[in-house]
Amino acid sequence: LALPLSEPLRVLSFIAIGASGILVNLAVAVFVYNGLKQYLGVLINTVASSMGFEASVFSNFTLNELITFKDTGLERTWVRVAHRLLKYHVASIASFASQVSFANALPLLLGTPFWLGQLMGVIVGFIVNFILGYIYTWSMHRVK
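Residues numbered from 1 in each chain as written. Predicted model: local features only at pLDDT ≥ 70, side-chain atom pairs only at ≥ 80, totals over all residues. Heavy atoms only, no water.

## What to know about the packing of aromatic side chains
Consideration 1: Under the definition given, this model contains 4 aromatic pairs.
Consideration 2: Ring geometry for F14 versus F69: centroids 6.3 Å apart, planes at 75°, classification edge-to-face. In this pair, F14 sits in helix α2 (residues 8-40) while F69 sits in the loop between α3 (44-68) and α4 (78-91), placing the two residues 55 residues apart along the sequence.
Consideration 3: F69 gets classed as buried once you look at its relative accessible area, which sits at 0%. (Phe/Tyr/Trp six-rings, centres within 6.5 Å; stacked < 30°, edge-to-face > 60°. Helix = DSSP H or I, 4+ residues; strand = E, 2+ residues; numbered from the N terminus. Buried < 20%, exposed > 50% of the residue type's maximum accessible area, 1.4 Å probe, protein only.)

Shown next, in the form of structure tokens:
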């Protein structure tokens, strides 16, 4: 917890990129939902939520690699970047679980629109994703 507090600009960058990922996530999820709901029936919420999640994972990872953690001395070989992408994806599983759960449960239980369930799941998952991404994916030993 001390490491994020010692790097406030890096934390702000991570948060800003995460916020942009929310927009990517919602845009892709709603696009898929509206485009495929007539074909997928009850599976549409899960499929649309999953597609939004994947788009935001790749978007966030790429931006964090290029902006947030560019000056950390991390190896930039394709193998090392792919390894960090895999770690980021694993760290994002909790976010994915909350997102899909909310995207399915809120519309079913409370009758909310799909996009609101998706947004609530993204917000809940963002907190966990931030902590795991910051500490696990771009871990403490990476700082010069």
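Now that the structure is up, let's keep going.
## Remarks on the pattern of salt bridges
Consideration 1: Under the definition given, this model contains 3 salt bridges.
Consideration 2: R10 is the salt-bridge partner of D71, the closest N and O atoms lying 3.0 Å from each other. Taken together, the residues span a long stretch of sequence, with D71 in the loop between α3 and α4 and R10 in helix α2 at a distance of 61 residues.
Consideration 3: Residue class for D71 comes out partly exposed when judged on its relative accessible area of 45%.
Consideration 4: Residue R10 is classed as buried on the basis of its relative accessible area, which comes to 14%.
Consideration 5: When the shortest N-O distance is used, the salt bridge between E65 and R76 registers 2.4 Å. Residue E65 is located in helix α3, and its partner R76 is located in the loop between α3 and α4; the two are separated by 11 residues in the primary sequence. (Salt bridge = Lys/Arg side-chain N within 4 Å of Asp/Glu carboxyl O.)

## Comments concerning the confidence of the model for the protein
Consideration 1: Summing up the model confidence of the protein, the mean pLDDT is 87 and the portion of residues at 70 or higher is 90%.
Consideration 2: When pLDDT is averaged over each helix and strand of the protein, the minimum, 61, is found for helix α1 (residues 2-6) and the maximum, 95, for α3. (pLDDT = per-residue confidence, 0-100.)

## Focus: the environment of V90
Consideration 1: Looking at the secondary structure, you find V90 in helix α4.
Consideration 2: The class of V90 is partly exposed, set by a relative accessible area of 42%.
Consideration 3: Remark: the alpha-carbon pair of V90 and L36, spanning 54 residues in sequence, is separated by 27 Å.

## A look at the side chain of T68
Consideration 1: As for its placement among the helices and strands, T68 is situated in helix α3.
Consideration 2: Among the polar contacts listed, one links the side chain of T68 to the side chain of N64, at a separation of 2.7 Å.
Consideration 3: Among all residues touching T68, those that are not within four sequence positions of it are R10, S13, F14, I17 and L63. (Polar contact = N/O pair within 3.5 Å; in protein donor to acceptor, adjacent residues only side chain to side chain. Contact = heavy atoms within 4.5 Å.)

## What about the environment of I15?
Consideration 1: Note on placement: I15 falls in helix α2.
Consideration 2: The class for I15 is partly exposed, based on a relative accessible area of 36%.
Consideration 3: Put simply, I15 and G35 are 20 residues apart on the chain and 30 Å apart in space, counted from C-alpha to C-alpha.
Consideration 4: Residues contacting I15, with those up to four places away along its chain left out, are F126 and F130.

## Observations concerning α2
Consideration 1: Within α2, the axis deviates most sharply at N34, by approximately 40°.
Consideration 2: Among all positions of α2, only R10, V11, S13, F14, I17, G18, G21, I22, N25, L26, A29 and V32 are buried.
Consideration 3: Of the residues trailing α2, G41 is marked for its positive phi of about 55°. (Bend = angle between axes of the 7 residues up to and from the residue.)

## Examining the packing of α3 against helix α5 (residues 93-110)
Consideration 1: With their axes 9 Å apart at the nearest point, α3 and α5 run at an angle of 145° to one another. Our pair here, α3 against α5, has a crossing hand that is right-handed. Counting all contacts with α3, which are made through N45, T46, S49, S50, G52 and F53, the residues of α5 involved are F96, Q99, V100, A103, N104 and P107.
Consideration 2: When grouped by side-chain class, the residues that make up the contact of α3 with α5 number 5 nonpolar, 7 polar and no charged. (Axes fitted to C-alpha atoms, helices over the stretch in contact; angles between N-to-C directions. Left-handed = near helix turned anticlockwise from the far one by under 90°. Nonpolar A, V, L, I, M, F, W, Y, C, P; charged D, E, K, R; others polar.)

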